[in-house]
Amino acid sequence: SLNDVVFPSTEEERHLRANDRELNLSYKYSDNAIKTSKYNIFTFLPLNLFEQFQRLANAYFLFLLCLQSIPEVSSLPWYTTVVPLVLVLSMTMAKDGSDDMNRHRCDKQVNNRQVEVLVEGELQSEKWMDVQVGDIVKLENNQFVTADLLLLSSSEPLNLVYIETAELDGETNLKVKQALTVTGKLEDSVEKLANFNGEVRCEPPNNRLDKFTGTLTLKGETYSLDNERILLRGCTLRNTQWCFGLVIFGGPDTKLMQNCGRTTFKRTSIDRLMNVLVLSIFGFLMIMCLILAIGNGIWEYQEGSKFAAFLPKGVNAPFSAFLTFWSYVIILNTVVPISLYVSVEIIRLGNSFYINWDRKMYYPKNDTPAEARTTTLNEELGQIKYIFSDKTGTLTQNVMTFNKCSINGKAYGELLDFSGQRVEINEVREKVDFSWNNLADPKFCFHDNSLVEVVREGNPEVQAFFRLLSLCHTVMPEEKKEGELYYQAQSPDEGALVTAARNFGFVFRSRTPESITVVEMGELVTYELLAVLDFNNVRKRMSVIVRSPEGKLTLYCKGADTIIFERLNPSCSNLTEVTTLHLNEFAGEGLRTLALAYKDIDPEYMEDWKLRHHVANTAMDEREEKLDALYEEIEKGLLLLGSTAVEDKLQDGVPQTIEQLSKADIKIWVLTGDKQETAENIGYSCNMLREEMNEVFIVSSTDRLLAATFYLSLPFDLTRTARRKMTPDGTEEPTVKKSRSGLFCLQKTETVADEPVNGEYAMVINGHSLAFALEKDMEIELLRTACMCQTVICCRVTPLQKAQVVELVKKYKQAVTLAIGDGANDVSMIKAAHIGVGISGQEGMQAVLSSDYSFAQFRYLQRLLLVHGRWSYLRMCKFLRYFFYKNFTFTFVHFWYGFFCGFSAQTVFDEWFITLFNLVYTALPVLSLSLFDQDVNDWWSFQYPQLYTPGQLNQYFSKRAFVYTVLHSGYSSLVLFFIPWAAMYDTVRDDGKEIVDYQSFALLAQTCLLIAVSIQLGLDTHYWTAMNQFFLWGSLSVYFAVIFTMYSNGMFLTLTSSFPFIGTARNSLNQPNVWLTMLLTSVLCVLPVVAYRFLRILLWPTINDKVRGRGSTHLSLDKVLPPTPRRVQARRTSTRRSGYAFSHAQGYGDLVTSGKFLRRTPKSRPALFSQTDSPLAQTQPQFYRTISEREEPPLSP
């Protein structure tokens, strides 16, 4: 993750001087040219071949080719191996070459971009690749940032610049950066800039996008540099006429390039199983070759001596056996055909296109289709057992609406009838009329008129409440026309609160670094902004200190309710109790809450505090700690104003999706940074937590000290007590199965067995308890308890803890995991899981950029898993079973023939048939099966989520299934060899001529083989399409066309040595007994398969068989069809507290107060929010509807 800083070089500190190329070049820093390509025209062929032959299969076939070059060993012509090997290498080489050419093209395009550089006192146009560290460059509006720059000056007031970081992190909302005041005075004067000789000392190149530390020394003064002064390569300058910057990092040293290629390569469980199976097959191949070599030695010793007189060197049985061993290695190599790996990649690519093309996963509102960002993990989507989901923006919309509030002990936002009963708020209810406020947002909706009345009556507490909301924030306003206000908010929460204050008569109008202008009930009031006490993840609150026009000093504070309550004046105890009751009510509806408080400040104390604040703010060491101590000192003795309740609406279809996935026996864990109560209530809204559950276990500690003090007695005891309640008769010690896996069984694994549970349970655990529960000696106890629960909610967790929870399940459950999220805090979790899914939502695109699959809505997850995932897994398993079946059958026929040819390594088939069997005759039919087959269609996949469970249990392809496939191949090969052999033995044609020659037998055996494997393919196909029919019949037609062509007189006369089977086809295939033999072998091969499947469906039907029978078997539809999803009612009362997870970022507080001068009046710029129908103000209640994939069930395929 980006939290892991990478220092790629030994550089400990970067030192540079502006406009001094000679000094900067002496440090040998990287220039600004980038290179992402891997090859050049000279290195492409050797490097690419070297990379390809590092793959086990390719190296194996190269070894076979070397064996075939030895005349004493070679039993097959060289082209039987060269043709498929060259084809595979060429296809891979063409793909790699095309990709690298695109990289070269992109590199050239980027490196040749033009930018103005200050060289010898003049601005000159230079290529990006020629820019050096220490150069001063000029950027203009809509230009890409050339390198990592220290911002010096800009055309905007306060030296601000607006940048878009879409190419860096995917976010399209504009971000604000600001230059130092001392460099801002340089403006756009070329003379001043040319004389600028500031020296920068900063951190070495690293991959931290969110942090920068350094200092600027100018004229003996030292200034602190942080991330707010840096423009990163990959950003785009917006709404800014021009700016100047000093190059700090260039080319490969830029943070953009430092973050390239850090993603971990993921492999599927089938990939890992295939590696083990391929290694086992190699061993099996060696055993077969050894048996045949020993047989050759014995035969040579007993029978070969009789021919010794005719041989020039006599008979050497041991040496003959040695050569025969290697000859059979060549002949029997088809047990691991090279085309297996190519076919697997084609299948995965095709199934990825199905995801990209699926219109039912397309979100038209944002024009966002689903995207398979990797093509190597499709089948693992059909094996998911655990889903780890973020809450905000993933289950919810991350669109905040101001719904309710509590002011001075009175709650607002509910509608009551004449009897005092609550009335449900819906779309038809009358909305509050804000026409009295000319600056109100017309899209803001509120239904409680009493709040407007008390505001307009002049109630001092209510007005102070909204005054706080209009002053205490870091929102940036934009006013294109008079009265048309647009707010650039750091978080949707802040936008919703400031918009609410705006509609209730306290309109935030504009700000400067020293002042905030608010329209209060129609009157323009300007407050002097003395300090912003910024938000961070530890403080969980922010404050502003302002001076009113009357000279009154006030501190306004808002933050998480538990944090604010700790800092209240004791006189607020009664009000705190009432507000707490209101918070409990808001919690019952899953609302995010925030407490508001204020205090008046003595002017003398403020002067002293400001001096100490300035000293701390300019300190080079422990600046943050000193500021936190000052903030803690002044934020005491607060007076409570009330609380706000903001709704984060659920996305459409979330409860139904979770219900469907639960029926598929997928366990869903929610990992969120929100407070416990908020997450818990969203759990109830999503139907993850239900009243009918036996029990919901709460594992919680209030703070770090408490958790540390009662570590053994609280988290440990609570989890153990919960486990004992779920399994009263269970063992105290976990059942841990130790095993080895991987190639050569070198990887040790420990698996904690699942334990049976009676009833449904859920667990909620907070971050403090989780931190201790994840300790080495506690983690298995946590895992045992959590895995017994149907639902697990982890709240107040850090991004690192999210990844640790995923790793814990991966380590001890050996189950396939999926992580889904939408924000930067989910990236570590997404990378840790087997499958990472990103949702393109309100929090930018960081999660999408790190994910394997992406789409716009959580509800599409059920289609990704239950349809695409299940189909991909089913197709891949069918492909592997059939592929191993046909190739083992092909190889075993050779093995049996060895006992009839004196173990002489003679092939039973025509050499051209051996070459073309996998590449031509059986390639396309099995690909069509693997790309188009469906056991049931998508509608039935939704109706029967239980169809998903076989994939979780690896029922379709495993080591056991592989053994069954090998045994099936052994039986088929016995039939395919001995039936033709017996039928041809001592047989003559109708005209009395013999057809018992080797060539006629080879033709009959290979034809029977091809027909038998084609019939088996037909039996495995559930869903017939025109492509399946065309490829299957077409391949058989091509086979007969090829043998009649290759066995013709013309081919024999052209290349006699390569085409020796002259006339065999026309001589054999005109005999009825040959066709009867083909029929008999086909029936005997297929009969056991048909009989087994018939009895299995009749006596032991699987869920697939029952669904395909659509209720005609023993299982009734009532037991399988899911019930109609319930309409989720809002929970009105609860004892659960809801805490507001302040989704805000640190740093804007310093930004809005850091400028010290205005050069000119701010000019009108394009809106930072181009979207006029901002969702921040939409407060309509949400209604759930059933998300149906199709109106009527179509016919089953």
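Located above this text is the structure these notes cover.
Note that the structure is predicted; figures quoted are calculated from it, not measured.

1. Regarding the overall build of the protein chain
For the protein chain, the helix and strand inventory stands at 41 helices and 37 strands. Per-residue burial over the protein chain gives 56% buried out of 1197 residues. Relative to all contacts within the protein chain whose residues are 6 or more apart in sequence, the contacts with residues 24 or more apart total 75%. Of the accessible surface of the protein chain, which amounts to about 51600 Å², a share of 56% is contributed by carbon and sulfur atoms.

2. Thoughts on the sheet that holds strand S7 (residues 175-178)
A sheet is described by the order of its strands in space; here 3 strands give the open sequence S7-S6-S12, paired in antiparallel fashion. The two strands at the open ends of the sheet, each matched to only one other strand, are S7 and strand S12 (236-238). Neighbour to neighbour, the strand axes of the sheet diverge by 45 degrees on average, direction disregarded. Here strand S6 (residues 160-164) pairs with S7 via 4 bridges, running antiparallel.

3. Quick notes on unusual backbone geometry
Only a minority of non-glycine residues have a phi that is not negative, and only a minority of peptide bonds are not trans. Despite not being glycine, Lys219 has its phi angle at roughly 55 degrees, a positive value. Note on placement: Lys219 falls in the loop between strand S9 (214-218) and strand S10 (221-225). With a relative accessible area of 80%, Lys219 lands in the exposed category.

4. Describing the packing of helix H24 (residues 779-788) against helix H25 (residues 799-813)
For the pair H24 and H25, the least separation of the axes is 11 Å and the interaxial angle reads 90 degrees. One finds that H24 runs roughly perpendicular with respect to H25. Contacts between H24 and H25 pair Glu779, Ile780, Leu782, Leu783 and Cys787 from the former with Leu808, Val809, Lys811, Tyr812 and Lys813 from the latter. Classifying every residue of the contact of H24 with H25 gives 7 nonpolar, no polar and 3 charged.

5. As for the packing of helix H28 (residues 860-898) against helix H34 (residues 998-1020)
Any two packed helices are characterised by how steeply their axes cross, that is the angle between the axes, and by the distance between the axes. Viewed as axis vectors pointing N to C, H28 and H34 meet at an angle of 160 degrees, and their least axial separation amounts to 11 Å. By the angle class used here, H28 and H34 are roughly antiparallel. Here H28 runs over H34; the crossing is right-handed. Mapping the contact onto sequence places Lys878, Tyr882, Tyr885, Lys886, Thr889, Phe890 and Tyr897 in H28 and Tyr998, Phe1001, Leu1009, Val1013, Ser1014, Gln1016, Leu1017 and Asp1020 in H34. For the contact of H28 with H34, the residue count by class is 9 nonpolar, 3 polar and 3 charged.

6. Observations concerning the packing of aromatic side chains
On inspection of all chains with the given rule, the structure shows 55 aromatic pairs. Between Phe388 and Trp669 the ring centres are 5.4 Å apart and the planes differ by 80 degrees, which places this aromatic pair in the edge-to-face class. In this pair, Phe388 sits in strand S15 (residues 384-389) while Trp669 sits in strand S29 (residues 667-671), placing the two residues 281 residues apart along the sequence. Across the pair, exposure class does not vary: Phe388 and Trp669 are buried alike. Centre to centre, the rings of Phe434 and Phe444 are 5.7 Å apart; their planes meet at 65 degrees, and the pair counts as edge-to-face. Taken together, the residues Phe434 in the loop between strand S19 (422-423) and helix H12 (449-457) and Phe444 in the loop between S19 and H12 connect sequence positions 10 residues apart. A relative accessible area of 8% places Phe434 in the buried class. Given a relative accessible area of 5%, Phe444 falls into the buried group. Among the aromatic side chains, those forming a connected cluster through ring pairs are Phe890, Phe909, Phe913, Phe917, Tyr921, Tyr1039, Phe1040 and Trp1075. Here the basic side chain of Arg113 rests over the ring of Trp128, its NZ or CZ set 5.0 Å away from the ring centre.

Rules of the game
- Residues numbered from 1 in each chain as written.
- Predicted model: local features only at pLDDT ≥ 70, side-chain atom pairs only at ≥ 80, totals over all residues.
- Heavy atoms only, no water.
- Helix = DSSP H or I, 4+ residues; strand = E, 2+ residues; numbered from the N terminus.
- Buried < 20%, exposed > 50% of the residue type's maximum accessible area, 1.4 Å probe, protein only.
- Contact = heavy atoms within 4.5 Å.
- Areas by Shrake-Rupley, 256 points an atom, 1.4 Å probe, with all protein chains shown as cover.
- Pairing = 2+ DSSP bridges.
- Axes fitted to C-alpha atoms, helices over the stretch in contact; angles between N-to-C directions.
- Parallel < 35°, antiparallel > 145°, perpendicular 65-115°, else oblique.
- Nonpolar A, V, L, I, M, F, W, Y, C, P; charged D, E, K, R; others polar.
- Left-handed = near helix turned anticlockwise from the far one by under 90°.
- Phe/Tyr/Trp six-rings, centres within 6.5 Å; stacked < 30°, edge-to-face > 60°.
- Lys NZ or Arg CZ within 6 Å of the ring centre and 35° of its normal.

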